[in-house]
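Topology and contacts: notes
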Amino acid sequence: MAIRSDQGIVLRSFPFGEADRVVVILSPNHGKLRTVAKGIRKTKSRFGGRLEPFTHVDLVLYEGRNLDTITQVSVIETFSHLRDDLDQVIAAGTMVEAVDAVASEGEPSLRLFLLLQRGLRALDQGETSSDLVTAFLLKLAEVIGLAPALDFCASCGRQAQTLRFGFAAGGAVCDNCPTEGAVRLRPGLTAYLSVLAEADLADLPQPDPRFSGEAMGIARRFVEYHLERRLSSLAVLDE
Amino acid sequence: MFEGPVQRLIDELSRLPGIGRKSAQRLAFHLLNVEQADARRLAQAIMDMRDQVKTCARCFNVTGSEECSICRDLRRDPAMVCVVERAQDIVVVEKTQEFRGRYHVLGGALSPIGGVGPGQLHFAELRERIGNEGIEELIVATNPTVEGDATAMYVAREMKPLGVRVTRLASGLPVGGDLDYADELTLGRALVGRQEM
Ligand SMILES: [Zn+2]
Ligand SMILES: [Zn+2]
């Protein structure tokens, strides 16, 4: 058993035993960490709010057989302002949920970590673009090697006009390629998605209300299709 | 492991929160050695609780009758309603002896990570109560967690347009604690929520 230090962003946590929580953290060095914070559910716990979701923390861990125990924690960045607005929290929840779904334990995840950090930072600064989550999901797909084809046909590879999107095919498809289950797109949508996939999260172009909703729908369904699970955070306010 | 009924009880006990395999074994063997009547009383108490306990038709507190004793108490102020996540939280607020209104149990909290939506909680019933009971203020006493925060914001967003005041429990430094040990999030909130003296 050894002591080691690490850092990461808290993805989520759940109650464990009487007063403990299992805290799931994304470390740039070691991927997903599953750790235990002992006694954290007591009001006077020395952890306080330091292990709340979205917090970027420095950790000292005591390595255990199954789970590492957190012995010390200090905050690098709280991202606490994003918690003042319901829509921002849901956007942050979606980012964290998607990252949780793609990260694996023991695998260095620097790009994924930096993406999450940039996404949370953009939310924390407020006045967020309605395209932020869409851009985040497109970039996430790219980081895990699943970037959707947007500037060419996912089926034949030609740079033709693409007016349909095939989730199984892996992106936009041209009219010459018959693709089962492809959905029709508004003209210009693939170009709109392509700009978002390339843009800086901190400096997204002005959202276009004609495209925003549909772009989100496509990015969300694409990620959900390849993760083989729903992003339930996004569904919170659907009803 | 063990034979038939003993193992069955161990399995059942170890599904309870906070009870591991070892404790379950200890409890099972303890129950094996107590008087027949004692074991029967325990079993009966569990069954009675499940059969007889109801949720209050008004506030979703646990009760033995149609409405809970707090809702039936005429000395309590119906204009003030404290909104909590779980029925256990009522006991905690009651112990302070600082609150003389009624309650509303949501049955959980909105979860922006993992997705518990408003439809799974008692928001519609709360909206109805505001219309029917002359409620003037909702005091939101959800946990100071991401989920509790999201729930409080949702209550404010949805219920304020109905003409009620919505307040939330202040969050800040724990009484008897040391400033040195306060974390950034807690201290930040204590600062925002500071009070004039
Ligand atoms: Zn094609
Ligand atoms: Zn009641």
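Predicted, not measured: the structure shown is a model, and the values here were computed from it.

**A closer look at the confidence of the model for chain B**
If pLDDT is low for a region, its predicted coordinates should not be looked at in detail. Looking at chain B as a whole, its pLDDT mean stands at 91, while 99% of the residues score no less than 70. Confidence metrics for the complex model read pTM 0.85 and ipTM 0.83.

**Considering the sheet that holds strand 6 (residues 162-166) of chain A**
Residues and elements named next belong to chain A. Spatially, the 3 strands line up as an open sheet ordered 7-6-8, and their pairing is antiparallel. A single partner strand is all that each edge strand has here, and the edge strands are strand 7 (171-174) and strand 8 (183-184). Two strands pair when backbone bridges link them, and strand 6 and strand 8 are joined in this way by 2 bridges, in the antiparallel orientation. Looking across to strand 8, one finds that Phe-165 is bridged to Val-183.

**Let's talk about the interface of chain B and chain A**
Each partner contributes residues to the interface: chain B has 25 residues there, and chain A has 26 residues. Secondary-structure elements contributing two or more residues to the side of chain B that touches chain A are helix 7 (146-159) and helix 8 (184-192) of chain B. Residue contributions to the side of chain B that touches chain A peak at 6 residues, all from helix 7 of chain B. Tallied by class, residues from the side of chain B that touches chain A come to 12 nonpolar, 9 polar and 4 charged.

**Some details on the environment of B:Thr96**
Position of B:Thr96 relative to the elements: it lies in the loop between helix 5 (87-95) and strand 4 (101-105). Separated by 61 residues in sequence, B:Thr96 and B:Arg157 have C-alpha atoms that sit 28 Å apart.

**A few points about helix 5 (residues 212-227) of chain A**
All names here are of chain A. Over its 16 residues, helix 5 extends 22 Å from the first C-alpha to the last, a length consistent with the 22 Å expected when each residue adds 1.5 Å. Of all the positions in helix 5, only Ala-215, Met-216, Ile-218, Ala-219, Phe-222 and Val-223 are classed as buried. Viewed end-on, helix 5 has its buried residues packed into an arc of 165 degrees, placing them on one side of the element. Summarising the contacts, the buried residues of helix 5 are in contact with helix 1 (86-102), helix 3 (132-143), strand 6 and helix 4 (189-198). One or two positions beyond helix 5, positive phi appears at Glu-228, with a value near 55 degrees.

**A closer look at the domain arrangement of chain A**
All names here are of chain A. For chain A, the domain assignment lists domain 1 (1-127) and domain 2 (129-239). Inter-centroid distance (C-alpha atoms) of domain 1 to domain 2 is 28 Å. If one sorts the elements of the side of domain 1 that touches domain 2 by residue count, helix 1 sits on top with 9 residues. When grouped by side-chain class, the residues that make up the side of domain 1 that touches domain 2 number 10 nonpolar, 3 polar and 4 charged.

**Some remarks on unusual backbone geometry**
Phi is positive for A:Phe79, which is not a glycine, with a value near 50 degrees. Tracing the sequence through the fold places A:Phe79 in the loop between strand 5 (68-77) and helix 1. Residue class for A:Phe79 comes out buried when judged on the 24 C-beta atoms lying within 10 Å of it. Even without glycine at this site, B:Phe60 takes up a positive phi of about 70 degrees. Tracing the chain through its elements places B:Phe60 in the loop between strand 1 (54-55) and strand 2 (62-63). By the C-beta count within 10 Å, which is 22 here, B:Phe60 ends up buried.

Conventions we followed
- Residues numbered from 1 in each chain as written.
- Chains lettered and ligands numbered in written order.
- Predicted model: local features only at pLDDT ≥ 70, side-chain atom pairs only at ≥ 80, totals over all residues.
- pLDDT = per-residue confidence, 0-100.
- Pairing = 2+ DSSP bridges.
- Helix = DSSP H or I, 4+ residues; strand = E, 2+ residues; numbered from the N terminus.
- Contact = placed C-beta atoms within 7 Å.
- Nonpolar A, V, L, I, M, F, W, Y, C, P; charged D, E, K, R; others polar.
- Expected span 1.5 Å × (residues − 1).
- Buried ≥ 20, exposed ≤ 12 C-beta atoms within 10 Å, placed from the backbone.
- Arc of directions from axis to C-beta.
- Domains from an automatic or database assignment.

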